[in-house]
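Below, each chain spelled out in residue letters.
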Amino acid sequence: MTAPQEGRAHNRDTPAYRASRGAENRDKPAYRAEVAEVAEVAVKMPLADRESFLAKAFLLPSILYIVALVGIPFFMAIAFSFSDITAGDPSFDWAGLRNYRAIFADETFWRSLTNTLIFTLVSMVLVVVLGKVLANILVADFRGKWLVRFAVLLPWTTPVALSTISWLWLLDSVFSPIDWVLRKIGYLGPGENVYWLGKPHLAMASVIAVHVWRLVPLAAVIVMAGLVAIPRDIEDAARVDGAGFWRRMFGITVPLTLPVIAVAGLFGAILTFTDMTVVYVLTRGGPTNSTQVLASWAFFKGIQGGDVAQGAAIALFLFPLLLAAAVAILSSVRRMETL
Amino acid sequence: MAVATIDNTDADALRRRYRRRHVASRVFVYVAAITAALIAAGPFLWSVITTFKLNRDLYNPANNPFILNAPPTGDHIKLLFNGTPFLTFVWNTVWVGVLVVAITLALSLPAAYSLARLNRPWSTPMAVAIFFVYLVPPSLLFLSLSRVVATLGLQDSTWSLVLIYPTITIPVSVWLLMGFLKAVPKDIEEQAMVDGHSRVGAFVRTVIPLVFPGIVAVVVFAFVITASEFIYALAFISPSPAKTISTGVPTELVRGDVFFWQSLQAATVLVAVPIAFVFNLFLEKFITGFTMGAVKG
């Protein structure tokens, strides 16, 4: 499949050669594939050697699996949102926009939508800033680095439901050690408590804190990957020219790793945006739905309340924003390639 | 002579200044690293302390929560293993994880090879599409999938997770494996083909052994994803003996309003530490895989 190289390498770049072969297309995958395909069929290669066949055969099982269990369910979810399906009566009957009218009239839905956006935005900003700081710490050389790295990765690698349990205890209404410290330093009187999860604003702050805590390590790892990719000589040259730490940071590292930082931020955003575990374990959406998010509200409606159709309608509101984030990630990745 | 002495004192002063600056930056690095480690691991350290506390020590708001005020006890760990279905949850998580990883590898390894090596015009758009699938979250699909699972008669069965989890792990594994495959020099395969192997033979005999470390990394990654998943596990399965760690621990170790705090914390630490340990071993691999996946082949 690779054409013989000898004898034509020397004149390949001359205009005459290009004109004679019409060869700007030569290196494009489409053209190469087409040529290869013709050649393969012409010489009747065995199947195990025919790239055009192998490429499809190797990919097909994965595609089928994903189409069957992601693609079709996705359209089912859309269809459900226009139906009257409940857990007790799973037969499909068209209900038009009834579910949407119902959720728009529901104050909790709007509360969940706003909360989802607030949680995502605030935690994304914090995750990006702290992730960048953490990445800078982790690329430095120091003793005991292995242990520090282990400790730092714990929040990210532990199953969310379990680490949130730790936080639930840390924010306990009576026995919270944070309260104990606050009492010791005299901020709280004896026997007083903050009730972290009992007051709407504190509960929201707690949910955001847990999200930030668990996603900063991931962001740091992504940013580290970007830091490693920066050519060392640029930074060395700047150092020789007398640029200090901050100058190098904001003059070189940040601009060069901006696409990676964007990817880290968007991953953080998606993981916060679509997550219901933290809310479910920490507050169950309370107090009085003040920490409810779209994902958890869809779960409570659709699974625990049994109103599958309305739950599906609520969950669908996740999609437009997700799509926007995905496109943004992709364009960041593209920009990384051009670096 | 005189000139030289002045130069020397200047140099000494400079050297001292640099030395001081160096020491200051070293101290700063250590302080920052220790702070980061404490914030990250703090909740787990506190879990460890909690695990060994007697009830009368734990449930006294006046006691210092950071130390043991009464003799340590192992009763709550015993309770976790003997009095709760914790071991069942662990077992379920393990066998589901192993099967899901097997399915994932069987499907994603050829797919990644196709996308990374067998250059077709549609390879790049397909890779992008698969990346998009990775971003479709369980919270969007759990309602329709729970209908699918019910239709297949898998409701309340752990097998439902074996069926559904590969939809999460396949896209990310394909992406990672593409990265590792692109790092293998093409000549190696071509040489194997010149030596008489078919394209498939070259893939199996030369490429797979070369990306083996990457495959191990993908196995770890896929397993961790399965072990951490919460929404599907919560939506599909309600009987306690069929639950996994992720859903079993937060729901079954709580009776009404009574939380078995010490046992809960023990469970968290017992799960968190081994996973983080294994993950650390492969961290560099994950980074290479993800960055290479985005690079054009």
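A quick note: this is a predicted structure, and the numbers were derived from the prediction, not measured.

About the criteria used
Residues numbered from 1 in each chain as written. Chains lettered and ligands numbered in written order. Predicted model: local features only at pLDDT ≥ 70, side-chain atom pairs only at ≥ 80, totals over all residues. Helix = DSSP H or I, 4+ residues; strand = E, 2+ residues; numbered from the N terminus. Buried ≥ 20, exposed ≤ 12 C-beta atoms within 10 Å, placed from the backbone. Contact = placed C-beta atoms within 7 Å. Domains from an automatic or database assignment. Nonpolar A, V, L, I, M, F, W, Y, C, P; charged D, E, K, R; others polar. Axes fitted to C-alpha atoms, helices over the stretch in contact; angles between N-to-C directions. Parallel < 35°, antiparallel > 145°, perpendicular 65-115°, else oblique. Left-handed = near helix turned anticlockwise from the far one by under 90°. Core = buried A, V, L, I, M, F, W, Y, C linked by C-beta atoms within 7 Å. Expected span 1.5 Å × (residues − 1). Arc of directions from axis to C-beta. pLDDT = per-residue confidence, 0-100.

Draft legend 1. Molecular detail of the overall build of chain A. Across its full length, chain A holds 15 helices and zero strands. Residues counted as buried form 41% of the 339 residues belonging to chain A. For chain A, the share of sequence-separated contacts (at least 6 apart) that also reach a separation of at least 24 residues comes to 68%.

Draft legend 2. The arrangement of the overall build of chain B in detail. Regarding its fold elements, chain B presents 14 helices and two strands. For chain B, the spread of C-alpha atoms along the principal axes amounts to about 95 × 75 × 35 Å. Out of the 297 residues in chain B, the part that is buried amounts to 45%. Contacts in chain B between residues at least 24 apart in sequence constitute 76% of all its contacts with a sequence separation of at least 6.

Draft legend 3. Layout of the domain arrangement of chain B. Residues and elements named next belong to chain B. Per the domain assignment, the segments of chain B are domain 1 (2-58) and domain 2 (78-293). Residue-level contacts link seven residues of domain 1 with seven residues of domain 2. No other element matches helix 1 (residues 2-51), which puts five residues into the side of domain 1 that touches domain 2. In terms of residue class, the side of domain 1 that touches domain 2 is made up of three nonpolar, three polar and one charged.

Draft legend 4. Structural view of the interface of chain B and chain A. Taken together, the 81 residues of chain B in the interface contact 78 residues of chain A. No other element matches helix 14 (residues 261-293) of chain B, which puts 16 residues into the side of chain B that touches chain A. Its residues assigned to classes, the side of chain B that touches chain A comprises 61 nonpolar, 16 polar and four charged.

Draft legend 5. Structural detail: unusual backbone geometry. Residues and elements named next belong to chain A. Phi at Thr288 is positive, roughly 40°, even though this residue is not glycine. Tracing the backbone through its elements, the reader meets Thr288 in the loop between helix 12 (277-282) and helix 13 (294-304). Taking the number of C-beta atoms within 10 Å as the measure of exposure, Thr288 has 10 and is therefore exposed. Phi is positive for Asn289, close to 65°, though the residue is something other than glycine. Secondary-structure assignment places Asn289 in the loop between helix 12 and helix 13.

Draft legend 6. Highlighting the packing of helix 9 (residues 186-194) of chain B against helix 10 (residues 199-210) of chain B. All names here are of chain B. Two elements in contact, helix 9 and helix 10, have axes whose closest approach is 9 Å; the angle formed by their N-to-C orientations is 135°. Considered as vectors, helix 9 and helix 10 are oriented oblique to each other. Helix 10 is crossed by helix 9, and the crossing has right-handed handedness. Side by side, helix 9 and helix 10 meet where Ile188, Glu189, Ala192 and Met193 of the first sit next to Arg199, Ala202, Arg205, Thr206, Val207 and Leu210 of the second.

Draft legend 7. Molecular detail of the environment of B:Leu176. Among the secondary structure elements, B:Leu176 is positioned in helix 8 (residues 166-182). Put simply, B:Leu176 and B:Ala112 are 64 residues apart on the chain and 8.4 Å apart in space, counted from C-alpha to C-alpha.

Draft legend 8. Inspection of the nonpolar core at higher detail. The biggest cluster of nonpolar side chains holds 171 residues, and the ones touching the most others in it are A:Ala315 and B:Ala112. Residues from two domains meet in this core; each of domain 1 (2-58) and domain 2 (78-293) of chain B gives at least three. Contacts of A:Ala315, omitting those with residues within four sequence positions, involve A:Ala77, A:Leu294, A:Ala295, A:Ala298, B:Ser139, B:Leu140 and B:Leu143.

Draft legend 9. Main features of helix 10 of chain B. Over its twelve residues, helix 10 of chain B runs 16 Å from end to end, which matches the ideal 16 Å to within 8%, given 1.5 Å per residue. Residues of helix 10 of chain B that are buried include every one of B:Arg199, B:Ala202, B:Phe203 and B:Val207, and no others. One side of helix 10 of chain B carries all its buried residues, which in axial view fall inside an arc of 100°. Here the buried face of helix 10 of chain B lies against helix 3 (51-81) of chain A together with helix 4 (86-116), helix 8 and helix 9 of chain B.

Draft legend 10. Fine view of helix 5 (residues 123-135) of chain B. Residues and elements named next belong to chain B. Here helix 5 is 13 residues long and its end C-alpha atoms lie 19 Å apart, about the 18 Å a rise of 1.5 Å per residue gives. Within helix 5 the residues assigned to the buried category are Ser123, Ala127, Ile130, Phe131, Val133 and Tyr134. For helix 5, the arc enclosing every buried residue in end-on projection is 155°, short of the 170-degree limit, so these residues lie on one face.

Draft legend 11. Just the confidence of the model for chain A, in detail. Looking at chain A as a whole, its pLDDT mean stands at 82, while 85% of the residues score no less than 70. The model gives residues 1-23 of chain A a pLDDT under 50, and that stretch makes six contacts with residues more than four places away or in other chains.

Draft legend 12. Up close: the confidence of the model for chain B. Residues and elements named next belong to chain B. On average, chain B scores 85 in pLDDT, and the residues at 70 or more come to 95%. Per-element averaging of pLDDT across chain B places strand 1 (residues 254-255) at the bottom with 74 and helix 7 (residues 159-164) at the top with 94. The ipTM value of the predicted complex is 0.84, and its pTM value is 0.83.

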